[in-house]
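A look at the structure
Okay, here's what each chain looks like letter by letter:
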Amino acid sequence: MSEPSISRPRRWDKPFSLEPGSEEEMTDADVEILLKKPPFSQIDPAGFKRSLPLHDIIKNDARVVGFDDGDIVVRRGDWGNSAFFILSGNVRVGLERGKPTLPDEILGRRHHKVKNLWESFSQLWRNHSVPEVRKLDSVFSKSELKTRHAHNSTRIYLQEVSAVLDKYHTARLETGHWFGELAALGRTSRVATVFSEGVSQLLEIRWQGIRDILRHDQNGKLKQYIEDAFRERALAAFLRTTPLFHDCQPELMQRIVDQVEFHTFGNYDSPKPFKDLIENQDHATEGGEPVIIREGDYPSGIVMIRSGLARISQRHYNGRRTIGYLSPGQIFGLDEIRAEVQSLTPVGCRTQLSAIGHLNAVLVPTPLVEELLKQNDSTGAADLHEVKTHVSDSGSHSVKINDDTLLSQLVDQNFVQGTSLMVIDLERCTRCDDCVRACSTAHDNNPRFIRHGPILNQYMIPNSCLHCVDPICMIECPTGAIFRDFAQGDIIINEQTCIGCAQCASNCPFDAIRMVDIRDSKGNIIVDSKTRSPLTQATKCDLCIDQRGGPACERACPHDALFRVDMQDASQVGEVFSR
């Protein structure tokens, strides 16, 4: 009996312009027209590899998409895997200043009402005896949410664009502008909603394509554009996420925006720093991480983490001891500058800040911070107390636990990357394996994690996907098969586009991605039609994305021993690791 076989997929077997939602395939003629227009005409094609030319990147990683008046292009809070360049027409960007932001209801999101105790109890006799019953007043209630099928996809659109423009604060982006590049490159969620104003035509580029252009563009025009765009569009809003800047006067905020410095540590498109961190834990706090501010140095400003994670450590005998870590939005150096303002003498940093892997940060110069502190002081004693309290809450030592040794282990082994870290309390776990069986049942009898992994004190960290803040498994995926779910931000794998290259499994420092042989319904291994070698695909925990109630493993544990922990949530971390 011959084995079932198919051709082994390769990158660009399926160009972006042939994926759902595309209108027409990108042709060589289309690419030539684009290459003659800025900013693509300003990119030097000579810097690109012969195997990865600029022409082919645009042809395979980009597509032209049309939008009608009111069509929502991206929504605030969605996870971005691509960026957009406006070829013609205009789009509107929702802003957060001055007027209310676009509410979730008109963006297609719904708030679910949780039943109270009486409603839950009364379901026993009040439920309908026929399926799929709806309340007419809720189905036909007046709503601003509208959908339509156009340009080969279903779009959410704003019915009354003029009314939206009057009611909400927006800014216009015209032909020749980019948007969405910060979320795509930062592997973060969208910070604003963008919708089409009139008919527009956009060029959408997958982040892998932007990455390759940035890597080989010797002129650096696109990189400079991205930095300028962040300063102009998003920096002020980013700063205001910290209580310190909540009441900053517009004039001072503008000077801060103009003078803030951008700093990057580590290599954005390489998993090497993370692997080195895991493999060389003894040197992690000494020579393995880029130091942002050394202990004892006078801070030239406050450091605010934009993306990535940073370690806070302190000298301890002949080595260093980890005492906390920072995640995006948190700041370092404020306590020293405040002490300097109060004592009128320079105060050195009592701790050291270093980058864990790739990190983006902004530095607000000391004179501006001092001016801001004096401005906040002038708001009065009550307000001053409130500001100090808020700043303390969001200050440098934001996430920590009482056990310094355990904290060091969590940071050294990079588990602080996890937004859904699986933790098993071995003092409660009876090894019944109900968690593994539940996972297997939820995934067609294929368990997506192994109840085996490092043990820190009484806690086991099984080999299960952490759904990292910075998912380096996505870095080298040639087809974009591993990506963030738009709704929840979880990291999932698309079996339709996974080519089995194993790059994600190789990049993952936690051994959380496994390569498996794939079979047909009769159990026969599927092989490559040319080489006859078995075809493999990547698999991993997907947090039971298609199951009701969330991860089955956590719900199945009869002893309350298995937890999913967001390591950026200080309260969750403290609750689980201080039990």
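Relevant structure appears above.
These lines cover the structure that appears in this document, whether it is placed above or below. Not measured: the values here are computed from a predicted model.

Reading the values: rules and limits
- Residues numbered from 1 in each chain as written.
- Predicted model: local features only at pLDDT ≥ 70, side-chain atom pairs only at ≥ 80, totals over all residues.
- Heavy atoms only, no water.
- Helix = DSSP H or I, 4+ residues; strand = E, 2+ residues; numbered from the N terminus.
- Buried < 20%, exposed > 50% of the residue type's maximum accessible area, 1.4 Å probe, protein only.
- Polar contact = N/O pair within 3.5 Å; in protein donor to acceptor, adjacent residues only side chain to side chain.
- Contact = heavy atoms within 4.5 Å.
- Pairing = 2+ DSSP bridges.
- Axes fitted to C-alpha atoms, helices over the stretch in contact; angles between N-to-C directions.
- Parallel < 35°, antiparallel > 145°, perpendicular 65-115°, else oblique.
- Left-handed = near helix turned anticlockwise from the far one by under 90°.

So, about the side chain of His443. By secondary structure assignment, the location of His443 is in the loop between helix H16 (434-442) and strand E17 (455-456). Owing to a relative accessible area of 11%, His443 belongs among the buried residues under this scheme. At a separation of 2.7 Å, a polar atom in the side chain of His443 contacts the side chain of Asp542. For His443, the contacting residues outside a window of four places in its chain are Arg448, Asp542 and Cys544.

As for its position among the elements, Glu340 is in helix H12 (residues 334-343). When residues no more than four places from it in sequence are discounted, the contact partners of Glu340 are Thr345, Pro346, Val347 and Glu370.

Here Ile482 lies in strand E19 (residues 482-484). Each C-alpha atom, one on Ile482 and one on Asn494, is 6.2 Å from the other, the two residues being 12 residues apart in sequence. If near-sequence neighbours (up to four positions away) are discounted, Ile482 is found in contact with Cys473, Met474, Cys477, Ile491, Ile492, Ile493, Cys504, Ile513 and Lys540.

Let's shift gears to the pairing of strand E15 (residues 352-365). Of all 14 residues in E15, 14 are buried, a share of seventy percent or more. Where strand E10 (residues 261-265) and E15 come together, five bridges link them in antiparallel fashion. Paired with Glu261 across the bridge in E15 is Leu363. Bridging between strand E11 (residues 291-293) and E15 involves two bridges; their strand directions are antiparallel.

Attention now moves to the pairing of strand E4 (residues 82-94). Taking burial as the measure, the 13 residues of E4 include 10 buried ones, the bulk of the element. Here 10 bridges tie E4 to strand E9 (residues 194-206), and the two strands are oriented antiparallel to one another. The residue of E9 that forms the bridge with Phe85 is Leu203. Relative to strand E8 (residues 178-179), E4 is paired through two bridges, and the arrangement is antiparallel. By the bridge assignment, Phe84 is partnered in E8 with Phe179. Across four bridges, the pairing between E4 and strand E7 (residues 170-173) is antiparallel. Bridged to Val93 within E7 is Ala171.

Running from amino to carboxyl end, helix H10 (residues 250-259) crosses helix H13 (residues 366-377) at an angle of 160 degrees, the nearest separation of the two axes being 11 Å. With respect to H13, the axis of H10 lies roughly antiparallel. Every pair of crossing elements has a handedness; the one defined by H10 and H13 is left-handed. Contact residues: Leu252, Arg255, Ile256 and Gln259 in H10; Leu368, Glu371, Leu372 and Gln375 in H13.

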